[in-house]
Amino acid sequence: MSKKIPVTVLSGFLGAGKTTLLNHLLSEDHGLKIAIIVNDMSEVNVDAKLVKEGGFVRAEENMVEMTNGCICCTLREDLMVEMEKLAELDVNYVVIESSGISEPIPVAQSFMYHDEELGIDLSKIFELDTMVTLINGQQLWEDYQSQDLLIDRQMHVSDDDERGIVDLLIDQIEFANVIVINKIDQLSDKEVEELTNLLYKLNPETKVIPTSFGKIDPLAVLNTKQFDFDKASEGAGWIKELNEEHVPETEEYGINSFVYRSRKPFHPGRFQEWLENWPKEIIRAKGFFWLTTRNDVAGLLSQAGTMLTLEGAGSWIASYSPEEQAELKEQDPDLFKNWDPEIGDRVTELVFIGSDMDKQGIIDSLNKCLLTEEEEQMPADSFEDTLPEFI
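Thresholds, definitions, all that
- Residues numbered from 1 in each chain as written.
- Predicted model: local features only at pLDDT ≥ 70, side-chain atom pairs only at ≥ 80, totals over all residues.
- Heavy atoms only, no water.
- Pairing = 2+ DSSP bridges.
- Helix = DSSP H or I, 4+ residues; strand = E, 2+ residues; numbered from the N terminus.
- Axes fitted to C-alpha atoms, helices over the stretch in contact; angles between N-to-C directions.
- Salt bridge = Lys/Arg side-chain N within 4 Å of Asp/Glu carboxyl O.
- Buried < 20%, exposed > 50% of the residue type's maximum accessible area, 1.4 Å probe, protein only.
- Core = buried A, V, L, I, M, F, W, Y, C linked by side-chain atoms within 4.5 Å.
- Contact = heavy atoms within 4.5 Å.

Participant: Any chance you could break down the sheet that holds strand β11 (residues 282-289) for me, citing the residues and the numbers?
Facilitator: Pairing in this open sheet of five strands is antiparallel, and the strands run β10-β14-β11-β12-β13 from one edge to the other. Both edges of this open sheet fall to β10 (255-262) and β13 (307-315), since each of them pairs with a single strand only. Between one strand and the next, the sheet's axes are offset by a mean angle of 15 degrees, whatever the strand orientation. Note: β10 against strand β14 (residues 348-355), eight bridges, orientation antiparallel. Across the sheet, residue Tyr260 finds its bridge partner in β14, namely Leu350.

In structure tokens form, the structure reads like this:
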């Protein structure tokens, strides 16, 4: 095949308006023969009989229903099989409407490499053109501040699905290269601007489109030729801040960000107390931290809304043997550019994004969580550590 078939993936929570947007795209004159993969065909405004017979709807669209319900990591195999079938049809574009609980990255990865087990290589047939996330403008803040898990709302894939609503929401926001804020007719102009500024802060590389009833220019999400997997993977605001690519502040609405850095470890008790009294003005935080009682393992902190997780992020290079360090230095010298002769690569780097944050106050309170000079001379087992075990 001389030319790859472009693909748009449409993500977003239940009620955001994905099907309304999809129906709008199908009704517009875009000159494309579009194949559609959906999770609930009954809601899409097409002739079901023609669909079941495998014929083109209006000689333009062909549809496949994902009977398993959810396009995510557990069903990526089904997606790849269906996509391979679509390649045999007379279409020149594919739109995937993923379910509200689908993670965008596993879907995108399906188009990036050859699956040896299935013997399918979608990268030779298709190319990701646009990753779209649809946001319910009226519901965003409620979902963002929710403590609900997917299982609490009967949205889970399985009984052991422990994902939080806000965790999935942030995944969908930070990986999209187009974000559509829907239902703005239910918001004031100021609320729309605030949401737009927040989304740009969370994902500076995206394009934000406010609308109502899913009415957008089809070319805003079809044939954009804008998606880049590597760029999307590094596009989140917290990553840019860590890489010292500061995103300009939106002072009118008080949304700002900064990076907290320290080459001293945290005291486990004081750091836990700080976490338990999390500043309400912090909307999003992510980064690495150094805990004195876990001196060999880097901690990874991730917060969005009310959800906060701590997990291990691998061993500090400083914990490796001299021989292993020498080998790594030869392979990738950049890993050692901030090397300290005493503590090696151990460091705390936490990005904070929030509304009207007291930057200096947060820095001062975190500094109080660091070991004092006297405590630095004490062995690690001198401190009680009741923080959750790293995963």
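Participant: Lay out the pattern of salt bridges in plain terms, naming residues and giving numbers.
Facilitator: On inspection of all chains with the given rule, the structure shows six salt bridges. As a salt-bridge pair, Glu174 and Arg284 come within 2.9 Å of each other at their nearest N and O atoms. Of this pair, Glu174 sits in helix α6 (residues 165-175) while Arg284 sits in strand β11, and the two are 110 residues apart along the sequence. Of the two residues, Glu174 and Arg284, neither departs from the other in class, the shared state being buried. We note a salt bridge from Arg261 to Glu349, for which the minimum N-O separation is 2.9 Å. Placement of the pair is Arg261 in strand β10 and Glu349 in strand β14, with a sequence separation of 88 residues.

Participant: Lay out the pairing of strand β4 (residues 93-97) in plain terms, naming residues and giving numbers.
Facilitator: By the criterion of burial, β4 is predominantly enclosed, with five of the five residues buried. Because side chains alternate across β4, one face comprises the buried residues Tyr93, Val95 and Glu97, and the other comprises Val94 and Ile96, equally buried. With four bridges joining them, strand β1 (residues 5-12) and β4 adopt parallel strand pairing. Within β4, the position partnered with Leu10 by the bridge is Glu97. Here four bridges tie strand β2 (residues 34-38) to β4, and the two strands are oriented parallel to one another. The partner of Ile37 across the bridge, within β4, is Ile96.

Participant: Lay out the nonpolar core with the relevant residues and their values.
Facilitator: Counting 27 residues, the largest nonpolar core has Tyr144, Leu169, Ile173 and Leu202 as the members making the most contacts within it. Elements with a contribution of two residues or more to this core: α5 (140-144), α6, β8 (178-182), α7 (189-202), β10 and β14. Residues in contact with Leu169, not counting those within four places in the same chain, are Phe13, Ile135, Leu140, Asp143 and Tyr144. Counting 26 residues, the second-largest nonpolar core is a separate cluster that includes Met80, Ala87, Val91 and Leu128.

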